[in-house]
Amino acid sequence: MRVLVTGAAGFIGSHTVEALLARGDAVLGLDNFNAFYDPALKRRNVASLIKDSRFSLIEGDITDPRALDAAFAEPLDAVIHLAAWAGVRPSIDRPDIYVDVNVRGTLDLLERMRRARIDRFVFASSSSVYGGRETVPFVETDPVDRPISPYAATKKAGEVLSYTYHHLHGLNVSALRFFTVYGPRQRPEMAIHKFATQMVRGEPIALYGDGSTARDYTFIDDIVQGVLASLDRCVGYEIYNLGEAETTRLDALIAKLGQALGVAPKLYHAPLQPGDVPITFADIGKARAKLGYAPSTKIDAGLARFAAWFHREGVR
Ligand SMILES: NC(=O)c1ccc[n+]([C@@H]2O[C@H](COP(=O)([O-])OP(=O)(O)OC[C@H]3O[C@@H](n4cnc5c(N)ncnc54)[C@H](O)[C@@H]3O)[C@@H](O)[C@H]2O)c1
């Protein structure tokens with residue numbers, strides 16, 4: 001199989017490419033190495049991948065027709081679409097970029113797929129589409145029409161547009177709602193990586209609210225297993241939660257991370273941030289049943305693996 005992976009140089013993208021190559025697939029990566037975070041980290045993410053002859057990489061933007069011309073010039077069997085402006089808080093200041101890339105960019109990709117008759121689409125959605133729901137766990141059939149950040153709204157739009165292409169053009173779609181993914185190469189501005197950097201620098205960490213906000217943290221290897229399974233079983237239009245099905249409170253997470261890194265965290269209290277949701281918690285029954293998704297890395301083990309990577313390669 002030859003797969004186009006957008007966002008191939010990013011955190012989840014580079015791990016996904018690695019796993020596809022490891023099982024024998026050929027991969028075309030498309031990434032614009034934007035400056036949402038240091039592009040040097042993205043170059044490092046792909047440094048070993050580009051040595052593999054079954055991997056080729058186009059440096060280009062999904063909103064640029066020339067980049068899409070180049071990407072769709074060669075035969076492809078499927079697209080895994082991970083390129084996006086990610087992150088909730090920055091989307092409040094720059095909703096325009098989020099709409100340009102996450103909505104318009106996704107639409108352009110869907111159009112190219114239709115024209116090239118490529119019928120398998122794996123789309124990176126997000127647990128943020130569940131908005132401020134406090135009824136947990138979140139199930140794929142829950143109403144998700146009240147996103148509370150522009151980022152979440154663009155991810156919901158991507159799910160909806162892909163449904164339209166499924167309905168009109170028979171596109172098979174796996175829309176994956178990732179729940180806070182962490183592990184080696186995690187985006188540096190995300191909780192865990194950001195906290196780790198602050199801890200080793202001796203800087204205080206903001207404890208938002210009373211520390212009781214909770215997240216379903218999902219280890220990268222588990223996510224990648226779900227992505228590949230959803231590619232292999234991409235039939236019809238299906239939305240899947242990919243989480244760990246366990247929650248960790250913010251205060252507990254900081255304490256556990258400190259232990260894993262061997263550093264005593266310093267804290268200061270800060271108000272809850274706009275756009276942040278109180279809890280995320282995935283019901284993964286559907287992914288288990290239909291994809292054989294079986295996340296296996298508990299938070300303590302995952303943080304230990306993250307800490308080992310961070311001590312070796314993390315940004316200081
Ligand atoms: N990391 C998480 O916890 C998480 C949770 C939910 C959803 N997601 C989604 O998963 C996907 C991957 O997230 P990530 O954490 O690996 O982020 P990331 O920022 O590390 O990866 C995204 C990659 O896409 C590239 N990109 C962005 N805009 C582009 C454009 N216009 N053209 C070409 N390339 C572009 C970036 O350069 C980057 O390398 C995103 O769609 C994100 O919204 C991530």
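Below you will find a few notes about this structure. (Residues numbered from 1 in each chain as written. Predicted model: local features only at pLDDT ≥ 70, side-chain atom pairs only at ≥ 80, totals over all residues. Heavy atoms only, no water.)

## Some thoughts on the site of the ligand
Part 1 of the reasoning: Ile12, Asp31, Tyr37, Tyr151 and Val181 are the nearest of the 29 residues found near the ligand.
Part 2 of the reasoning: Asp31 has a polar side-chain atom sitting 2.6 Å from an oxygen atom of the ligand.
Part 3 of the reasoning: Contact distances for the ligand include 2.7 Å between an oxygen atom and a backbone N or O atom of Val181.
Part 4 of the reasoning: Expressed as a share of its isolated accessible area of 820 Å², the protein-covered part of the ligand is 98%.
Part 5 of the reasoning: Top element by residues in the shell around the ligand is strand S5 (residues 120-126). It accounts for three residues.
Part 6 of the reasoning: Its residues assigned to classes, the shell around the ligand comprises 16 nonpolar, eight polar and five charged. (Near = heavy atom within 4 Å. Polar contact = N/O pair within 3.5 Å; in protein donor to acceptor, adjacent residues only side chain to side chain. Areas by Shrake-Rupley, 256 points an atom, 1.4 Å probe, with all protein chains shown as cover. Helix = DSSP H or I, 4+ residues; strand = E, 2+ residues; numbered from the N terminus. Nonpolar A, V, L, I, M, F, W, Y, C, P; charged D, E, K, R; others polar.)

## Focus: the nonpolar core
Part 1 of the reasoning: Formed by 65 residues in total, the largest nonpolar core has its most connected members in Val5, Ile80, Phe178 and Leu257.
Part 2 of the reasoning: If you tally residues by element for this core, the top one is helix H8 (residues 220-232), at seven residues. (Core = buried A, V, L, I, M, F, W, Y, C linked by side-chain atoms within 4.5 Å. Buried < 20%, exposed > 50% of the residue type's maximum accessible area, 1.4 Å probe, protein only.)

## A closer look at the pattern of salt bridges
Part 1 of the reasoning: Summed over the entire model, instances satisfying the criterion amount to 22 salt bridges.
Part 2 of the reasoning: Arg43 is paired through a salt bridge with Glu59; the nearest N and O atoms lie 2.8 Å apart. In this pair, Arg43 sits in helix H2 (residues 39-46) while Glu59 sits in strand S3 (residues 55-59), placing the two residues 16 residues apart along the sequence.
Part 3 of the reasoning: Across the salt bridge formed by Arg305 and Asp221, the nearest N and O atoms sit 2.8 Å from each other. Here Asp221 lies in helix H8 and Arg305 lies in helix H11 (residues 299-313), a separation of 84 residues in the sequence.
Part 4 of the reasoning: Here the salt bridges do not stand alone but share partners, grouping Arg23, Asp25 and Asp232 into one network. (Salt bridge = Lys/Arg side-chain N within 4 Å of Asp/Glu carboxyl O.)

## Considering the packing of helix H9 (residues 250-261) against H11
Part 1 of the reasoning: As a packed pair, H9 and H11 sit with axes 9 Å apart at the nearest point and diverge in direction by 50 degrees. By the criterion of interaxial angle, the relationship of H9 to H11 is oblique. Considering how the two elements wind past one another, H9 and H11 form a crossing that is right-handed. Across the interface between the two elements, Leu253, Lys256, Leu257, Ala260 and Leu261 of H9 pack against Ile299, Asp300, Leu303, Ala304, Phe306, Ala307, Phe310 and His311 of H11.
Part 2 of the reasoning: Per-class residue counts for the contact of H9 with H11 are ten nonpolar, one polar and two charged. (Axes fitted to C-alpha atoms, helices over the stretch in contact; angles between N-to-C directions. Parallel < 35°, antiparallel > 145°, perpendicular 65-115°, else oblique. Left-handed = near helix turned anticlockwise from the far one by under 90°. Contact = heavy atoms within 4.5 Å.)

## Things to note about unusual backbone geometry
Part 1 of the reasoning: Here the amide bond leading from Val136 into Pro137 is cis, since omega sits at -5 degrees, within 30 degrees of zero.
Part 2 of the reasoning: Within the chain, Arg117 stands out as a residue other than glycine whose phi angle is a positive 55 degrees.
Part 3 of the reasoning: In this structure, Arg117 sits in the loop between helix H5 (95-116) and S5.
Part 4 of the reasoning: The class of Arg117 is exposed, set by a relative accessible area of 76%.
Part 5 of the reasoning: The backbone phi angle of Ile192 is positive, close to 90 degrees, even though this residue is not glycine.
Part 6 of the reasoning: Locating Ile192 in the fold gives a position in the loop between strand S7 (181-182) and helix H7 (193-200).

## Details of the environment of His169
Part 1 of the reasoning: Along the polypeptide, His169 turns up in helix H6 (residues 150-169).
Part 2 of the reasoning: Separated by 158 residues in the primary sequence, His169 and Phe11 place their C-alpha atoms 31 Å from one another.
Part 3 of the reasoning: Beyond its immediate sequence surroundings of up to four residues, His169 is in contact with Arg114 and Thr164.

## Some thoughts on H6
Part 1 of the reasoning: Under the 1.5 Å per step criterion, the end-to-end length of H6 is 28 Å for 20 residues, consistent within 8% with the ideal 28 Å.
Part 2 of the reasoning: If you follow the buried residues of H6, they end up packed against helix H4 (89-93), H5, S5, strand S6 (172-178) and strand S11 (237-242).
Part 3 of the reasoning: Just downstream of H6 lies Gly170, where phi reads positive at about 75 degrees. (Expected span 1.5 Å × (residues − 1).)

## So, the pairing of strand S2 (residues 26-31)
Part 1 of the reasoning: Counting buried residues along S2, six of its six residues qualify, which places the element largely inside the surrounding structure.
Part 2 of the reasoning: What you see with S2 is no split at all: Ala26, Leu28 and Leu30 on one side and Val27, Gly29 and Asp31 on the other are buried throughout.
Part 3 of the reasoning: The pairing of strand S1 (residues 2-6) with S2 spans five bridges and is classified as parallel. Among the inter-strand pairings, Arg2 is bridged to a residue of S2, identified as Ala26.
Part 4 of the reasoning: Where the polypeptide runs from S1 across helix H1 (residues 11-22) and back to S2, its parallel neighbour, the crossover connection is right-handed.
Part 5 of the reasoning: Where S2 meets S3, five bridges bridge the pair, whose relative direction is parallel. Opposite Leu28, over in S3, you have Ser56 as the bridge partner.
Part 6 of the reasoning: Each parallel crossover has a hand, and for S2 linked through H2 to S3 it is right-handed. (Pairing = 2+ DSSP bridges. Right-handed = clockwise from strand over helix to strand, strands pointing away.)

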